[in-house]
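Structural overview
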Amino acid sequence: DTFWAPGGRGEKATNAKDVEEYEERQRKRQKGDGGMAAEEPKVVPKVPFSACLNAFAQDDNVDDFYSTALRRKSVAARRVRFKTFPPYLVVYLRRYYVDAAWRPCKLEVSVDVPSEIDLEHLRGSGLAAGEEELPEEEEGVGAGRGAASESVEPSQEIVSQLMAMGFSENGCKRAAIAMQNASAEVCMEWIFQHMEDANFNDPIIQESRAEAVATKAHNPESIVMLQSMGFTERQCGAALDACGGSVERAADWLFSHADDLDAAIAEAEGRKGGSAEEGGAPVGGSKCEDGPGQYRLAGILSHIGKNTGAGHYVAHVCRGNKWYIMNDEKVAVSEKPPLDLAYMCLFERKA
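A brief structural summary. Since the model is a prediction, treat every value here as computed from it, not as a measurement.

1. Examining a negative patch on the surface
On the surface, Asp18, Glu20, Glu21 and Glu23 cluster together into a negatively charged patch. Within the fold, Glu23 resides in helix 1 (residues 16-31).

The structure is reproduced here in C-alpha coordinates:
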(Lines give C-alpha, C1' and ligand atoms only; values in the text may rest on other atoms or scores of the structure.)
Protein backbone atom coordinates (compact mmCIF):
# COMPACT_ATOMS: atom_id res chain seq x y z
CA ASP A 1 0.00 0.00 0.00
CA THR A 2 1.41 3.36 -1.06
CA PHE A 3 0.50 6.97 -0.69
CA TRP A 4 2.20 9.97 -2.20
CA ALA A 5 3.53 12.74 0.01
CA PRO A 6 4.97 15.47 -2.24
CA GLY A 7 8.25 16.80 -0.93
CA GLY A 8 7.59 20.21 -2.41
CA ARG A 9 10.18 22.66 -3.74
CA GLY A 10 10.78 24.58 -0.56
CA GLU A 11 7.42 26.36 -0.28
CA LYS A 12 6.90 24.89 3.21
CA ALA A 13 10.55 25.08 4.30
CA THR A 14 11.17 26.13 7.87
CA ASN A 15 14.51 27.70 6.86
CA ALA A 16 13.25 29.58 3.83
CA LYS A 17 15.07 32.77 4.84
CA ASP A 18 18.40 30.95 5.20
CA VAL A 19 17.93 29.36 1.77
CA GLU A 20 17.11 32.69 0.20
CA GLU A 21 20.19 34.34 1.73
CA TYR A 22 22.42 31.46 0.59
CA GLU A 23 21.12 31.67 -2.97
CA GLU A 24 21.70 35.43 -2.99
CA ARG A 25 25.30 34.93 -1.85
CA GLN A 26 25.78 32.35 -4.59
CA ARG A 27 24.48 34.73 -7.24
CA LYS A 28 26.88 37.42 -6.07
CA ARG A 29 29.74 34.94 -6.00
CA GLN A 30 29.05 33.88 -9.59
CA LYS A 31 29.05 37.53 -10.69
CA GLY A 32 32.33 38.13 -8.87
CA ASP A 33 30.77 40.50 -6.34
CA GLY A 34 31.48 38.30 -3.36
CA GLY A 35 35.23 38.42 -3.45
CA MET A 36 37.29 35.23 -3.33
CA ALA A 37 35.55 33.74 -0.31
CA ALA A 38 35.67 29.98 -0.08
CA GLU A 39 32.62 28.12 -1.33
CA GLU A 40 30.29 27.36 1.59
CA PRO A 41 28.22 24.21 2.15
CA LYS A 42 24.92 24.24 0.32
CA VAL A 43 21.85 25.25 2.32
CA VAL A 44 18.87 23.09 1.32
CA PRO A 45 15.22 23.65 2.26
CA LYS A 46 14.05 21.81 5.38
CA VAL A 47 10.45 20.69 4.90
CA PRO A 48 8.51 19.12 7.82
CA PHE A 49 7.07 15.68 7.16
CA SER A 50 3.75 17.01 8.46
CA ALA A 51 3.68 19.55 5.62
CA CYS A 52 4.09 16.74 3.09
CA LEU A 53 1.28 14.78 4.74
CA ASN A 54 -1.00 17.83 4.79
CA ALA A 55 -0.32 18.44 1.09
CA PHE A 56 -1.34 14.85 0.36
CA ALA A 57 -4.52 15.06 2.45
CA GLN A 58 -5.80 18.45 1.31
CA ASP A 59 -8.76 18.73 -1.06
CA ASP A 60 -8.03 19.08 -4.74
CA ASN A 61 -10.15 20.40 -7.60
CA VAL A 62 -10.70 18.24 -10.69
CA ASP A 63 -11.45 20.22 -13.83
CA ASP A 64 -13.53 18.76 -16.68
CA PHE A 65 -15.01 16.13 -14.37
CA TYR A 66 -17.95 14.39 -16.04
CA SER A 67 -20.86 14.28 -13.60
CA THR A 68 -23.44 11.55 -14.13
CA ALA A 69 -25.87 13.64 -12.06
CA LEU A 70 -25.51 16.77 -14.21
CA ARG A 71 -24.82 14.74 -17.38
CA ARG A 72 -22.10 17.16 -18.36
CA LYS A 73 -18.59 18.19 -17.42
CA SER A 74 -18.15 20.24 -14.28
CA VAL A 75 -15.65 20.91 -11.49
CA ALA A 76 -15.36 18.35 -8.68
CA ALA A 77 -13.55 18.27 -5.36
CA ARG A 78 -11.34 15.27 -4.67
CA ARG A 79 -10.36 14.13 -1.20
CA VAL A 80 -8.13 11.11 -0.50
CA ARG A 81 -8.66 9.10 2.66
CA PHE A 82 -7.76 5.61 3.91
CA LYS A 83 -10.44 2.94 4.00
CA THR A 84 -8.15 0.53 5.84
CA PHE A 85 -4.68 0.66 7.35
CA PRO A 86 -2.42 -2.22 6.24
CA PRO A 87 0.26 -3.94 8.35
CA TYR A 88 2.93 -2.20 6.25
CA LEU A 89 2.68 1.21 4.63
CA VAL A 90 5.05 2.54 1.96
CA VAL A 91 5.36 6.31 1.78
CA TYR A 92 6.88 7.79 -1.35
CA LEU A 93 8.32 11.30 -1.11
CA ARG A 94 8.11 12.80 -4.56
CA ARG A 95 11.67 14.05 -4.97
CA TYR A 96 11.93 13.47 -8.71
CA TYR A 97 10.33 15.55 -11.43
CA VAL A 98 10.77 16.62 -15.05
CA ASP A 99 11.57 20.26 -15.74
CA ALA A 100 10.24 22.46 -18.56
CA ALA A 101 12.86 21.02 -20.93
CA TRP A 102 11.75 17.44 -20.05
CA ARG A 103 14.96 16.74 -18.20
CA PRO A 104 14.82 14.45 -15.12
CA CYS A 105 15.63 16.40 -11.97
CA LYS A 106 15.83 15.73 -8.26
CA LEU A 107 14.62 17.97 -5.46
CA GLU A 108 17.33 18.76 -2.95
CA VAL A 109 15.07 18.96 0.07
CA SER A 110 15.57 17.73 3.61
CA VAL A 111 12.45 16.10 5.11
CA ASP A 112 12.43 15.20 8.79
CA VAL A 113 10.93 11.71 8.58
CA PRO A 114 9.61 10.85 12.07
CA SER A 115 10.20 7.53 13.81
CA GLU A 116 6.44 7.19 14.46
CA ILE A 117 3.31 8.53 12.71
CA ASP A 118 -0.39 8.51 13.51
CA LEU A 119 -2.73 8.55 10.48
CA GLU A 120 -6.04 7.83 12.20
CA HIS A 121 -7.25 11.36 11.42
CA LEU A 122 -7.06 10.39 7.73
CA ARG A 123 -9.35 7.37 8.05
CA GLY A 124 -12.35 7.68 5.75
CA SER A 125 -15.85 7.70 7.20
CA GLY A 126 -17.91 7.28 4.05
CA LEU A 127 -20.46 9.78 2.85
CA ALA A 128 -20.71 12.94 4.92
CA ALA A 129 -24.00 14.53 5.96
CA GLY A 130 -25.79 15.89 2.91
CA GLU A 131 -23.67 13.88 0.45
CA GLU A 132 -24.92 11.15 -1.83
CA GLU A 133 -23.26 8.93 -4.40
CA LEU A 134 -23.34 9.92 -8.04
CA PRO A 135 -25.80 7.85 -10.06
CA GLU A 136 -24.27 5.20 -12.28
CA GLU A 137 -24.33 5.81 -15.99
CA GLU A 138 -26.62 3.66 -18.09
CA GLU A 139 -24.78 0.40 -18.67
CA GLY A 140 -23.75 0.00 -22.26
CA VAL A 141 -24.91 3.46 -23.26
CA GLY A 142 -22.98 5.68 -20.89
CA ALA A 143 -20.05 3.32 -20.85
CA GLY A 144 -20.56 1.75 -24.24
CA ARG A 145 -20.53 -1.83 -22.97
CA GLY A 146 -24.00 -3.35 -23.06
CA ALA A 147 -27.68 -2.98 -23.85
CA ALA A 148 -29.59 0.26 -24.01
CA SER A 149 -32.22 1.30 -21.52
CA GLU A 150 -35.71 0.28 -22.60
CA SER A 151 -37.27 3.30 -20.90
CA VAL A 152 -35.61 5.97 -23.08
CA GLU A 153 -36.24 6.48 -26.77
CA PRO A 154 -33.73 8.68 -28.61
CA SER A 155 -35.09 12.04 -29.73
CA GLN A 156 -35.21 12.07 -33.52
CA GLU A 157 -34.62 15.83 -33.51
CA ILE A 158 -31.41 15.51 -31.47
CA VAL A 159 -30.26 12.52 -33.52
CA SER A 160 -30.78 14.50 -36.74
CA GLN A 161 -28.81 17.47 -35.42
CA LEU A 162 -25.93 15.23 -34.40
CA MET A 163 -25.96 13.33 -37.68
CA ALA A 164 -25.75 16.67 -39.51
CA MET A 165 -22.38 17.13 -37.78
CA GLY A 166 -21.08 13.94 -39.39
CA PHE A 167 -21.64 11.34 -36.66
CA SER A 168 -23.19 7.93 -37.32
CA GLU A 169 -26.88 7.32 -36.63
CA ASN A 170 -26.25 4.57 -34.08
CA GLY A 171 -23.66 6.65 -32.26
CA CYS A 172 -26.06 9.61 -32.13
CA LYS A 173 -28.81 7.39 -30.76
CA ARG A 174 -26.50 6.09 -28.05
CA ALA A 175 -25.61 9.65 -27.08
CA ALA A 176 -29.27 10.71 -26.92
CA ILE A 177 -30.18 7.71 -24.76
CA ALA A 178 -27.17 8.13 -22.48
CA MET A 179 -27.96 11.82 -21.88
CA GLN A 180 -31.72 11.14 -21.78
CA ASN A 181 -32.29 13.60 -24.62
CA ALA A 182 -30.89 16.51 -22.60
CA SER A 183 -29.75 18.60 -25.59
CA ALA A 184 -27.71 18.31 -28.75
CA GLU A 185 -24.78 20.11 -27.07
CA VAL A 186 -24.71 17.75 -24.09
CA CYS A 187 -25.04 14.71 -26.36
CA MET A 188 -22.17 15.97 -28.49
CA GLU A 189 -19.94 16.12 -25.38
CA TRP A 190 -20.85 12.50 -24.70
CA ILE A 191 -19.94 11.56 -28.29
CA PHE A 192 -16.50 13.14 -27.98
CA GLN A 193 -15.88 11.07 -24.84
CA HIS A 194 -17.17 7.76 -26.25
CA MET A 195 -16.63 7.87 -30.02
CA GLU A 196 -13.68 5.47 -29.63
CA ASP A 197 -15.82 2.85 -27.86
CA ALA A 198 -15.78 -0.49 -29.67
CA ASN A 199 -19.58 -0.59 -30.08
CA PHE A 200 -20.14 3.13 -30.68
CA ASN A 201 -21.52 2.48 -34.20
CA ASP A 202 -23.29 -0.80 -33.36
CA PRO A 203 -27.09 -0.99 -33.50
CA ILE A 204 -28.94 -0.30 -30.24
CA ILE A 205 -30.26 -3.43 -28.53
CA GLN A 206 -33.43 -2.47 -26.71
CA GLU A 207 -33.58 -4.74 -23.69
CA SER A 208 -33.50 -4.18 -19.97
CA ARG A 209 -30.60 -5.00 -17.70
CA ALA A 210 -32.59 -7.82 -16.14
CA GLU A 211 -33.26 -9.33 -19.56
CA ALA A 212 -29.62 -9.00 -20.50
CA VAL A 213 -28.53 -10.83 -17.35
CA ALA A 214 -31.20 -13.49 -17.69
CA THR A 215 -30.41 -14.29 -21.34
CA LYS A 216 -26.63 -14.14 -20.98
CA ALA A 217 -24.97 -17.40 -21.98
CA HIS A 218 -21.38 -18.48 -22.05
CA ASN A 219 -19.53 -18.74 -25.30
CA PRO A 220 -18.89 -22.49 -25.84
CA GLU A 221 -15.46 -21.71 -27.30
CA SER A 222 -14.55 -19.81 -24.12
CA ILE A 223 -15.59 -22.78 -21.98
CA VAL A 224 -13.54 -25.20 -24.10
CA MET A 225 -10.50 -22.93 -23.99
CA LEU A 226 -10.61 -22.71 -20.19
CA GLN A 227 -11.28 -26.42 -19.82
CA SER A 228 -8.12 -27.13 -21.79
CA MET A 229 -6.24 -25.56 -18.87
CA GLY A 230 -7.53 -28.29 -16.54
CA PHE A 231 -10.67 -26.67 -15.08
CA THR A 232 -14.20 -28.10 -14.95
CA GLU A 233 -17.12 -26.63 -16.86
CA ARG A 234 -18.64 -25.29 -13.65
CA GLN A 235 -15.39 -23.58 -12.68
CA CYS A 236 -15.06 -22.05 -16.14
CA GLY A 237 -18.63 -20.77 -16.08
CA ALA A 238 -18.21 -19.14 -12.68
CA ALA A 239 -14.97 -17.49 -13.79
CA LEU A 240 -16.60 -16.09 -16.94
CA ASP A 241 -19.49 -14.75 -14.85
CA ALA A 242 -17.05 -13.06 -12.48
CA CYS A 243 -15.07 -11.49 -15.33
CA GLY A 244 -17.81 -10.33 -17.68
CA GLY A 245 -17.19 -13.10 -20.23
CA SER A 246 -13.54 -12.22 -20.85
CA VAL A 247 -11.52 -15.41 -21.39
CA GLU A 248 -8.20 -13.76 -20.50
CA ARG A 249 -9.50 -12.30 -17.24
CA ALA A 250 -11.33 -15.54 -16.43
CA ALA A 251 -8.11 -17.55 -16.78
CA ASP A 252 -6.30 -15.13 -14.51
CA TRP A 253 -9.21 -15.28 -12.04
CA LEU A 254 -9.08 -19.08 -11.92
CA PHE A 255 -5.35 -19.24 -11.26
CA SER A 256 -5.41 -16.41 -8.74
CA HIS A 257 -8.11 -18.24 -6.73
CA ALA A 258 -6.48 -21.67 -7.06
CA ASP A 259 -5.76 -21.91 -3.32
CA ASP A 260 -9.48 -21.86 -2.46
CA LEU A 261 -11.22 -22.21 -5.81
CA ASP A 262 -14.33 -24.00 -4.51
CA ALA A 263 -15.13 -21.16 -2.10
CA ALA A 264 -14.54 -18.50 -4.75
CA ILE A 265 -16.81 -20.32 -7.20
CA ALA A 266 -19.55 -20.73 -4.60
CA GLU A 267 -19.39 -17.01 -3.86
CA ALA A 268 -19.41 -16.12 -7.56
CA GLU A 269 -22.45 -18.32 -8.16
CA GLY A 270 -24.17 -16.84 -5.12
CA ARG A 271 -23.62 -13.32 -6.41
CA LYS A 272 -24.92 -14.26 -9.84
CA GLY A 273 -28.11 -15.69 -8.39
CA GLY A 274 -28.71 -13.28 -5.54
CA SER A 275 -27.50 -9.88 -6.67
CA ALA A 276 -27.07 -9.91 -10.45
CA GLU A 277 -29.97 -7.47 -10.73
CA GLU A 278 -28.15 -4.91 -8.61
CA GLY A 279 -24.82 -5.48 -10.29
CA GLY A 280 -23.26 -7.28 -7.33
CA ALA A 281 -19.94 -6.57 -5.67
CA PRO A 282 -16.42 -7.62 -6.59
CA VAL A 283 -15.94 -11.35 -6.23
CA GLY A 284 -14.04 -12.24 -3.10
CA GLY A 285 -14.97 -9.03 -1.29
CA SER A 286 -12.48 -6.94 0.61
CA LYS A 287 -9.75 -9.01 2.22
CA CYS A 288 -7.64 -6.09 3.41
CA GLU A 289 -6.25 -6.53 6.89
CA ASP A 290 -7.28 -3.40 8.79
CA GLY A 291 -5.88 -2.09 12.05
CA PRO A 292 -4.96 1.09 13.95
CA GLY A 293 -3.32 3.85 11.94
CA GLN A 294 -0.26 4.14 14.18
CA TYR A 295 3.05 3.20 12.57
CA ARG A 296 6.75 3.12 13.34
CA LEU A 297 9.52 3.65 10.80
CA ALA A 298 11.07 0.32 9.77
CA GLY A 299 13.25 1.27 6.80
CA ILE A 300 14.12 3.81 4.11
CA LEU A 301 15.55 3.97 0.62
CA SER A 302 17.76 6.88 -0.37
CA HIS A 303 19.35 7.89 -3.65
CA ILE A 304 22.84 9.26 -4.22
CA GLY A 305 22.99 11.28 -7.43
CA LYS A 306 21.60 14.24 -9.35
CA ASN A 307 18.60 12.51 -10.95
CA THR A 308 17.07 9.13 -11.77
CA GLY A 309 19.37 8.73 -14.77
CA ALA A 310 22.46 8.30 -12.62
CA GLY A 311 23.47 7.51 -9.07
CA HIS A 312 23.11 4.72 -6.54
CA TYR A 313 20.35 3.46 -4.26
CA VAL A 314 21.00 2.52 -0.63
CA ALA A 315 18.68 0.91 1.94
CA HIS A 316 18.62 1.41 5.71
CA VAL A 317 16.65 -0.98 7.94
CA CYS A 318 15.76 -0.64 11.61
CA ARG A 319 15.85 -3.75 13.80
CA GLY A 320 15.18 -3.25 17.47
CA ASN A 321 16.93 0.00 18.37
CA LYS A 322 19.65 -0.28 15.73
CA TRP A 323 19.82 0.90 12.14
CA TYR A 324 21.66 -1.08 9.46
CA ILE A 325 22.89 0.11 6.08
CA MET A 326 22.50 -2.26 3.14
CA ASN A 327 24.66 -1.16 0.24
CA ASP A 328 24.66 -3.90 -2.40
CA GLU A 329 26.28 -6.91 -0.69
CA LYS A 330 27.63 -4.85 2.20
CA VAL A 331 25.68 -4.74 5.49
CA ALA A 332 26.83 -2.75 8.50
CA VAL A 333 25.52 -0.89 11.55
CA SER A 334 24.53 2.69 10.70
CA GLU A 335 25.14 5.21 13.47
CA LYS A 336 23.39 8.06 11.68
CA PRO A 337 20.97 6.94 8.94
CA PRO A 338 20.11 9.73 6.45
CA LEU A 339 16.42 9.82 7.31
CA ASP A 340 16.08 13.38 5.98
CA LEU A 341 17.22 12.21 2.52
CA ALA A 342 14.80 9.29 2.20
CA TYR A 343 12.64 9.14 -0.90
CA MET A 344 10.81 5.94 0.08
CA CYS A 345 9.88 5.00 3.66
CA LEU A 346 8.57 1.71 5.00
CA PHE A 347 6.34 2.02 8.05
CA GLU A 348 5.26 -0.96 10.15
CA ARG A 349 2.02 -0.90 12.11
CA LYS A 350 2.62 -0.73 15.84
CA ALA A 351 1.57 -3.77 17.83
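Back to the text.
2. Quick notes on the pattern of salt bridges
Under the criterion given, the structure shown has 11 salt bridges. We note a salt bridge from Lys350 to Glu116, for which the minimum N-O separation is 3.2 Å. Residue Lys350 is located in the segment after strand 14 (342-349), and its partner Glu116 is located in strand 9 (residues 116-118); the two are separated by 234 residues in the primary sequence. Bridged by salt links that share partners, the residues Glu120, Arg123 and Asp290 form one connected network.

3. Examining unusual backbone geometry
Despite not being glycine, Gln180 has its phi angle at roughly 50°, a positive value. Mapping Gln180 onto the fold places it in the loop between helix 4 (169-178) and helix 5 (184-194). We classify Gln180 as partly exposed; its relative accessible area is 38%. Positive phi is not limited to glycine here, since Asp328 has a value of about 55°.

4. Some details on the packing of helix 7 (residues 220-227) against helix 9 (residues 247-256)
Between helix 7 and helix 9, whose axes approach to 10 Å, the crossing angle comes to 35°. Here helix 7 runs over helix 9; the crossing is right-handed. Taken together, the residues of helix 9 that come into contact with helix 7 (itself represented by Ser222, Met225 and Leu226) are Val247, Ala250, Ala251 and Leu254. Within the contact of helix 7 with helix 9, the residues separate by chemical class into six nonpolar, one polar and no charged.

5. Some details on the packing of helix 4 against helix 5
As a packed pair, helix 4 and helix 5 sit with axes 9 Å apart at the nearest point and diverge in direction by 115°. Every pair of crossing elements has a handedness; the one defined by helix 4 and helix 5 is right-handed. Of helix 5, the residues touching helix 4 (which contributes Gly171, Cys172, Arg174, Ala175, Ala176 and Ala178) are Cys187, Trp190 and Ile191. Split into classes, the residues belonging to the contact of helix 4 with helix 5 amount to seven nonpolar, one polar and one charged.

6. Topic: the nonpolar core
Ranked by internal contacts, the top residues of the largest apolar core, which has 27 residues, are Val111, Val113, Leu119, Cys345 and Phe347. At the level of secondary structure, the elements contributing two or more residues to this core comprise helix 2 (49-57), strand 5 (88-94), strand 10 (294-307) and strand 14. For this core, the element with the most residues is helix 2, which contributes six residues. Counting 17 residues, the second-largest nonpolar core is a separate cluster that includes Ile223, Cys236, Cys243 and Ala264.

Parameters at a glance
- Residues numbered from 1 in each chain as written.
- Predicted model: local features only at pLDDT ≥ 70, side-chain atom pairs only at ≥ 80, totals over all residues.
- Heavy atoms only, no water.
- Patch = residues over 30% accessible without salt bridge, like charges linked within 9 Å, V, L, I, M, F, W, Y side chains within 5 Å.
- Areas by Shrake-Rupley, 256 points an atom, 1.4 Å probe, with all protein chains shown as cover.
- Salt bridge = Lys/Arg side-chain N within 4 Å of Asp/Glu carboxyl O.
- Lys, Arg positive; Asp, Glu negative; His and termini not counted.
- Charge placed at Lys NZ, Arg CZ, Asp CG, Glu CD.
- Helix = DSSP H or I, 4+ residues; strand = E, 2+ residues; numbered from the N terminus.
- Buried < 20%, exposed > 50% of the residue type's maximum accessible area, 1.4 Å probe, protein only.
- Axes fitted to C-alpha atoms, helices over the stretch in contact; angles between N-to-C directions.
- Left-handed = near helix turned anticlockwise from the far one by under 90°.
- Contact = heavy atoms within 4.5 Å.
- Nonpolar A, V, L, I, M, F, W, Y, C, P; charged D, E, K, R; others polar.
- Core = buried A, V, L, I, M, F, W, Y, C linked by side-chain atoms within 4.5 Å.

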